[in-house]
Amino acid sequence: MDGSVTYLVAAVAVLAVVAFVIVVWAWRRAATRPGGAAPAGRPARGRAQEPLRGGPHRLAPGDRVRIREREYAVSGTIRLVEGDWSWVQHLLDDASGTRHRLSVEDGPDLELVLWTAEPGATVTPGAPTIELGGRRYTWAETGQARYTAVGETGLPAAGTMRYHDYQSGGGARLSFEAYGEEGWRVARGDLLDPTELTIRPTAEDR
């Protein structure tokens, strides 16, 4: 009996030492993980997209941008907030007189979309899919945000906005927006690569 007890005590002690060594090894390995990376599924939102001085987040009325070889002047800016999420819409003017806007939205990646107004569109939001201009768009999201506006936007300085967003292949987008009590504004969008945008601010400091 004494020999059996001694053997069991020694076995338990050995197992305890092994477990301790494994725990220490795992802790040191985690501590030396490059950059202290966040666990999978929890991206560091906005870290890689902090707005740089003069970046697309910081555009203001009077600035100029070049998108896909075309020049635009920023005539107004609308900043929107929905819960803990925010994004920016810059209204753009060019020589054609067509209404454009540039949306800037953070996420796992910076998303830039160039929108072109479709004032003659007769479609309305709500359906799972919508066809417009020979393309089928699929519903992506719906919501309501608070906004503040500066410059020539044609809107009150602050208010609320409702929206429905749709997507299609090749980075194509379709949006419906209603500010305050007005009807739906329809626009088609194209996802931009950041390299397709060149900013030409007119002010040295913002």
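Since we're looking at a predicted model, the values are computed, not measured.

1. So, the overall build of the chain
Turning to step 1, where the next piece is worked out: Across its full length, the chain carries one helix and 11 strands.
Turning to step 2, where the next piece is worked out: Listing every helix and strand of the chain by position from the N terminus yields α-β-β-β-β-β-β-β-β-β-β-β.
Turning to step 3, where the next piece is worked out: The burial tally for the chain puts 31% of its 206 residues in the buried class.
Turning to step 4, where the next piece is worked out: When contacts within the chain are restricted to residue pairs at least 6 apart in sequence, long-range pairs at least 24 apart make up 50% of them.
Turning to step 5, where the next piece is worked out: Just so you have it, the chain exposes about 13,000 Å², and 56% of that area is on carbon and sulfur atoms.

2. Here's the deal with the environment of L114
Turning to step 1, where the next piece is worked out: Inspection of the secondary structure assignment puts L114 in strand β5 (residues 111-117).
Turning to step 2, where the next piece is worked out: Residues L114 and L191 lie 77 residues apart in sequence; the distance between their C-alpha atoms is 6.6 Å.
Turning to step 3, where the next piece is worked out: Once you skip the residues sitting within four places of it in the chain, L114 turns out to touch I67, Y72, L92, H100, R101, R188, G189, D190 and L192.

3. Some points on the side chain of S175
Turning to step 1, where the next piece is worked out: You can see S175 is positioned in strand β9 (residues 172-179).
Turning to step 2, where the next piece is worked out: At 2.9 Å, the side chain of S175 forms a polar contact with the side chain of R101.
Turning to step 3, where the next piece is worked out: In this view, S175 contacts R101, W115, H164, D165, R185, V186 and A187; residues no more than four positions away in its chain are not counted.

4. Side note on the nonpolar core
Turning to step 1, where the next piece is worked out: V65, I67, L92 and L102 are the most contacted members of the largest nonpolar core, which totals 13 residues.
Turning to step 2, where the next piece is worked out: Breaking this core down by element, the ones donating at least two residues are β1 (64-67), β2 (70-82), β3 (85-93), β4 (100-105) and β5.
Turning to step 3, where the next piece is worked out: Ignoring anything within four residues of it in the chain, the contact list for I67 reads Y72, L92, L102, L114, L192, E196 and L197.

5. Concerning the pairing of β1
Residues in a regular strand point their side chains to alternate faces of the sheet.
Turning to step 1, where the next piece is worked out: Residues V65 and I67 line the buried face of β1, whereas the alternating positions R64 and R66 sit on a face that is not buried.
Turning to step 2, where the next piece is worked out: Where β1 folds back on β2, the antiparallel hairpin that results is connected by two residues, among which R68 adopts a positive phi of roughly 50°.
Turning to step 3, where the next piece is worked out: For β1 and strand β11 (residues 197-200), the ladder comprises four bridges, and the chain directions are antiparallel. Each residue of the ladder has a partner; that of R66, found in β11, is T198.

6. Some remarks on unusual backbone geometry
Turning to step 1, where the next piece is worked out: For R68, which is not glycine, the phi torsion reads 50° and is therefore positive.
Turning to step 2, where the next piece is worked out: In this structure, R68 sits in the loop between β1 and β2.
Turning to step 3, where the next piece is worked out: The phi torsion at E69 lies on the positive side, around 70°, for a residue other than glycine.
Turning to step 4, where the next piece is worked out: Relative to the assigned elements, E69 resides in the loop between β1 and β2.
Turning to step 5, where the next piece is worked out: A relative accessible area of 64% places E69 in the exposed class.

Thresholds applied
Residues numbered from 1 in each chain as written. Predicted model: local features only at pLDDT ≥ 70, side-chain atom pairs only at ≥ 80, totals over all residues. Heavy atoms only, no water. Helix = DSSP H or I, 4+ residues; strand = E, 2+ residues; numbered from the N terminus. Buried < 20%, exposed > 50% of the residue type's maximum accessible area, 1.4 Å probe, protein only. Contact = heavy atoms within 4.5 Å. Areas by Shrake-Rupley, 256 points an atom, 1.4 Å probe, with all protein chains shown as cover. Polar contact = N/O pair within 3.5 Å; in protein donor to acceptor, adjacent residues only side chain to side chain. Core = buried A, V, L, I, M, F, W, Y, C linked by side-chain atoms within 4.5 Å. Pairing = 2+ DSSP bridges.

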